[in-house]
Amino acid sequence: MGPMTAPFTISGTVIKGNQLGRKLGYPTANLDLPDAGQFHHLTGVYAATVELESAIFPGMANIGFRPTLEKPSFTVEVNIFDFNEDIYGQNISIRFLERIRDELRFNSLDELVRQMEKDEVECRGFFHFP
Ligand SMILES: Cc1cc2nc3c(=O)[nH]c(=O)nc-3n(C[C@H](O)[C@H](O)[C@H](O)COP(=O)(O)O)c2cc1C
């Protein structure tokens, strides 16, 4: 198969991740993906929308191995802008609209957060969502 290009959609049930995102200031909804291997080639950071219970929200998503973490693991996850609800157990669809960068290994969580702040600015810009 040739290179896959955005946009594409991945759906699944929201499960609890490491709960680290909350501490970092960027809580994420992590998808339960029994066959995650099929998404490995899509690794990267994206501007994305999230559909849940027939409402659609803008956000930013990561598909990747999370090399910065002490225990890296492959996940598909999304931070929804200005959203603070418990959606564990809900079925959501993430639509990956624009790939903004490669996933990177940072030397500290502080550096990762500084990059995520830039990602947020870029993705909000993509949506014209101040
Ligand atoms: C927009 C965005 C960009 C991310 N970029 C990276 C990255 O470049 N490198 C990395 O190791 N993890 C990256 N992550 C994953 C974070 O490490 C992860 O969200 C955080 O550890 C919280 O995970 P948890 O929900 O399992 O607690 C990114 C996550 C998001 C939402």
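Keep in mind the model is a prediction, meaning the values are calculated, not measured.

**A look at the pairing of strand β4 (residues 55-64)**
Of all 10 residues making up β4, 7 are buried, and the element is well covered by its neighbours. Here strand β3 (residues 44-52) pairs with β4 via 9 bridges, running antiparallel. In the strand pairing of β4, threonine 49 is matched with proline 58. In sequence, β3 turns back onto β4 through a hairpin of 2 residues, with glutamate 53 there showing a positive phi of about 40°. For β4 and strand β5 (residues 75-80), the ladder comprises 6 bridges, and the chain directions are antiparallel. Bridge pairing links glycine 59 to isoleucine 80 in β5.

**Focus: the side chain of aspartate 119**
With respect to the element layout, aspartate 119 can be found in helix α2 (residues 109-127). When neighbours within four sequence positions are excluded, aspartate 119 is seen to be in contact with Val45, Met60, Ile100 and Arg101.

**A closer look at the sheet that holds β4**
In any sheet, the strands associate via hydrogen bonds between backbone groups, in a parallel or an antiparallel arrangement. The strand order β1-β2-β5-β4-β3-β6 describes a closed barrel built from 6 strands, whose pairing is antiparallel. Averaged over all pairs of adjacent strands, the angle between their axes in this sheet comes to 45°, without regard to strand direction. The pairing of strand β1 (residues 8-15) with strand β2 (residues 29-32) spans 3 bridges and is antiparallel. In the sheet register, isoleucine 15 faces β2, and the bridge partner there is asparagine 30. Across the sheet, α2 is in contact with β3, β4 and β6 (91-101); its angle to β6 comes to roughly 100°.

Reading guide: rules and limits
Residues numbered from 1 in each chain as written. Predicted model: local features only at pLDDT ≥ 70, side-chain atom pairs only at ≥ 80, totals over all residues. Heavy atoms only, no water. Buried < 20%, exposed > 50% of the residue type's maximum accessible area, 1.4 Å probe, protein only. Helix = DSSP H or I, 4+ residues; strand = E, 2+ residues; numbered from the N terminus. Pairing = 2+ DSSP bridges. Contact = heavy atoms within 4.5 Å. Axes fitted to C-alpha atoms, helices over the stretch in contact; angles between N-to-C directions.

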